[in-house]
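Residues per chain, in single letters:
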Amino acid sequence: MDKHFTITIHDENGVKKFNVHKLLKKLFFYFLALLFVLGIFGIAVIVYLNHSVDVIEAKKANLQKAYKQLASKNLALQIDMQKTHVKLFEKKKELEEVSDSLSEIEELMGLKPIASTNLQERVNITKLTSKERATLLELIPNGSPVEYHGITSKFGRRIHPMRHTREFHKGIDLKAKRNTPVYATADGIVEWAAYHKRSGFGNLIILVHLYGFKTYFAHLKKIVVKSGQFVKKGTLIGYTGNSGLSNGPHLHYEIRFIQRPLNPYWFIKWTQKNYNQIFEKEKKVPWSSVLEAMNQIQIVQK
């Protein structure tokens, strides 16, 4: 007969007996099973950690190798930079000497040096005679297309007066009464002279000038030139009005360089007296290339 303890409990539901010996036996087996599971889990964790350490060590070795390679390249670059620095210092000294000499020539010729332009541009500007300057002012838009009475809307971002949306204003709106004469601001060919509905410009004139420049004259009441016609600077081309998407009589005036909108204000103020100002204010035009092109044309003509 097995040794065991019997616990008897009497309650309202009857008598309950518990075999203490069998219960302990079950608890013992459960404990052993738990230890086995914990052992397996512990082994798995140790294996995973060992693998992680191996991966980290491999990465560390690769980083150390890469560090040594970069350190070697860095040292070589520092040596090259030192050599280059010496050469640049010598070149800079030569350029400063040339620039100083050029400044003296500019002062003797009555030209004010332009601080923001490079040496090549300054040389090209210096080469232009008063006659060549006058020719340049005939070929590139300058001056006001109407009698100047101020600007009602500037170049840049604004709230459109009709659409009431924030847009980039590619030109300026010049104050002008209805039927004010509009004149060409440079020699050119009439590319467009008709109503332009899609843009909202209404009656529009587009002039094509040399060296990649274009001028736009919008919201006109009357156009007096035809497409394909050649016009000289100062030629009457139309009269101001209020056509298209406009809230009142004025002249919308644009200047573009290879379709890139420029601020017309600086071109309106450009004259022989402040000839150098445009090179300081307008940075979107490669002036050295424009001046070089003009020189090449003059050479061919000679």
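In case you missed it, the structure is sitting above this.
Just so it is clear, the structure is predicted and the values come from calculations on it, not from any experiment.

Calculation rules
Residues numbered from 1 in each chain as written. Predicted model: local features only at pLDDT ≥ 70, side-chain atom pairs only at ≥ 80, totals over all residues. Heavy atoms only, no water. Buried < 20%, exposed > 50% of the residue type's maximum accessible area, 1.4 Å probe, protein only. Helix = DSSP H or I, 4+ residues; strand = E, 2+ residues; numbered from the N terminus. Contact = heavy atoms within 4.5 Å. Phe/Tyr/Trp six-rings, centres within 6.5 Å; stacked < 30°, edge-to-face > 60°. Pairing = 2+ DSSP bridges. Polar contact = N/O pair within 3.5 Å; in protein donor to acceptor, adjacent residues only side chain to side chain. 1 Å grid on protein atoms, 1.4 Å probe; cavity = no way out; pocket = protein on both sides within 12 Å on 5 of 7 lines; lining within 4 Å. Points joined across faces, edges and corners; volume = space filled by probe spheres on them. Nonpolar A, V, L, I, M, F, W, Y, C, P; charged D, E, K, R; others polar. Arc of directions from axis to C-beta. Salt bridge = Lys/Arg side-chain N within 4 Å of Asp/Glu carboxyl O. Core = buried A, V, L, I, M, F, W, Y, C linked by side-chain atoms within 4.5 Å.

### Observations regarding unusual backbone geometry
- Phi is positive for Asn179, close to 70 degrees, though the residue is something other than glycine.
- For Tyr211, which is not a glycine, the phi torsion comes out positive at approximately 65 degrees.
- Using a relative accessible area of 16% as the deciding quantity, one classes Tyr211 as buried.

### Section: the environment of Leu139
- Within the secondary structure, Leu139 is located in helix α3 (residues 130-139).
- Residue class for Leu139 comes out buried when judged on its relative accessible area of 14%.
- With 70 residues separating them in the primary sequence, Leu139 and His209 have C-alpha atoms 6.6 Å apart.
- Setting aside residues no more than four positions away along its own chain, Leu139 makes contact with Ala186, Asp187, His209, Leu210 and Tyr211.

### What about the environment of Ile206?
- Secondary-structure assignment places Ile206 in strand β9 (residues 202-208).
- Along the primary structure Ile206 and Ala218 are separated by 12 residues, whereas in three dimensions their C-alpha atoms are 8.7 Å apart.
- Ile206 has contacts with Ile189, Val190, Glu191, Trp192, Lys214, Thr215 and Tyr216, leaving out every residue within four places of it along the chain.

### A few points about the packing of aromatic side chains
- Tallying each qualifying case throughout the model produces 13 aromatic pairs.
- On the basis of an interplanar angle of 65 degrees and a centroid distance of 6.3 Å, the ring pair of Phe213 and Phe267 is categorised as edge-to-face. Of this pair, Phe213 sits in strand β10 (residues 213-223) while Phe267 sits in helix α4 (residues 264-268), and the two are 54 residues apart along the sequence.
- Ring plane angle 80 degrees and centroid distance 6.3 Å describe the contact between Phe267 and Trp270, whose orientation is recorded as edge-to-face.
- Under the relative-accessibility criterion, Phe267 is labelled buried at 0%.
- Members of the aromatic cluster, connected to one another through ring pairs, are Phe213, Phe257, Phe267, Trp270, Tyr275, Phe279 and Trp287.

### A word on the pairing of strand β6 (residues 172-175)
- Of the pairings in the sheet, the one linking strand β3 (residues 151-153) to β6 comprises 2 bridges and is antiparallel in character. Each residue of the ladder has a partner; that of Ser153, found in β6, is Asp173.
- Sheet topology places β6 next to strand β13 (residues 250-257); 4 bridges connect them, and they run antiparallel. In the strand pairing of β13, Asp173 is matched with His252.

### Describing the side chain of His252
- With respect to the element layout, His252 can be found in strand β13.
- A residue is classified by how much of its surface remains accessible, and His252, at 3% relative accessible area, is buried.
- There is a polar contact of 2.7 Å between the side chain of His252 and the side chain of Glu254.
- His252 has contacts with His169, Gly171, Ile172, Asp173, Phe201, Tyr216, Phe217, Ala218 and His219, leaving out every residue within four places of it along the chain.

### What about the layout of surface pockets?
- For the largest pocket, the calculated volume is near 340 Å³.
- As for the largest pocket, its lining consists of 20 residues, and the residues nearest its centre are Arg158, His160, His169, Phe201 and His252.
- Of all the secondary structure elements, the ones that give two or more residues to the lining of the largest pocket are β5 (166-169) and β13.
- Among the elements that make up the lining of the largest pocket, the one with the highest residue count is β13 (4 residues).
- Here the residues of the lining of the largest pocket sort into 4 nonpolar, 9 polar and 7 charged.

### A word on α3
- Listed as buried for α3 are Glu132, Arg133, Leu136, Leu137 and Leu139. Buried residues in α3, looked at end-on, bunch into an arc of 165 degrees, giving them a common side. The outward face of α3, more than 90 degrees from its buried face, is lined by the exposed residues Ser130 and Lys131.

### A closer look at the pattern of salt bridges
- This structure, assessed with the given rule, holds 3 salt bridges.
- The closest approach of N and O atoms between Lys214 and Glu191, which form a salt bridge, is 3.0 Å. Linking Lys214 in strand β10 with Glu191 in strand β8 (residues 188-196), this pair joins segments that are 23 residues apart in sequence.
- Judged by relative accessible area, Lys214 falls into the buried class, the value being 15%.
- We classify Glu191 as partly exposed; its relative accessible area is 36%.

### Here's the deal with the nonpolar core
- Among the nonpolar cores identified, the biggest contains 35 residues, and Ile140, Phe213, Phe217, Ile237 and Phe267 are the most heavily contacted of them.
- When neighbours within four sequence positions are excluded, Ile237 is seen to be in contact with Val182, Tyr183, Ala184, Ile205, Leu207, Phe217, Ile223, Val224, Val225 and Val231.
- Counting residues in hydrophobic clusters, the runner-up holds 5 residues, among them Phe201, Leu204, Ile206 and Tyr216.

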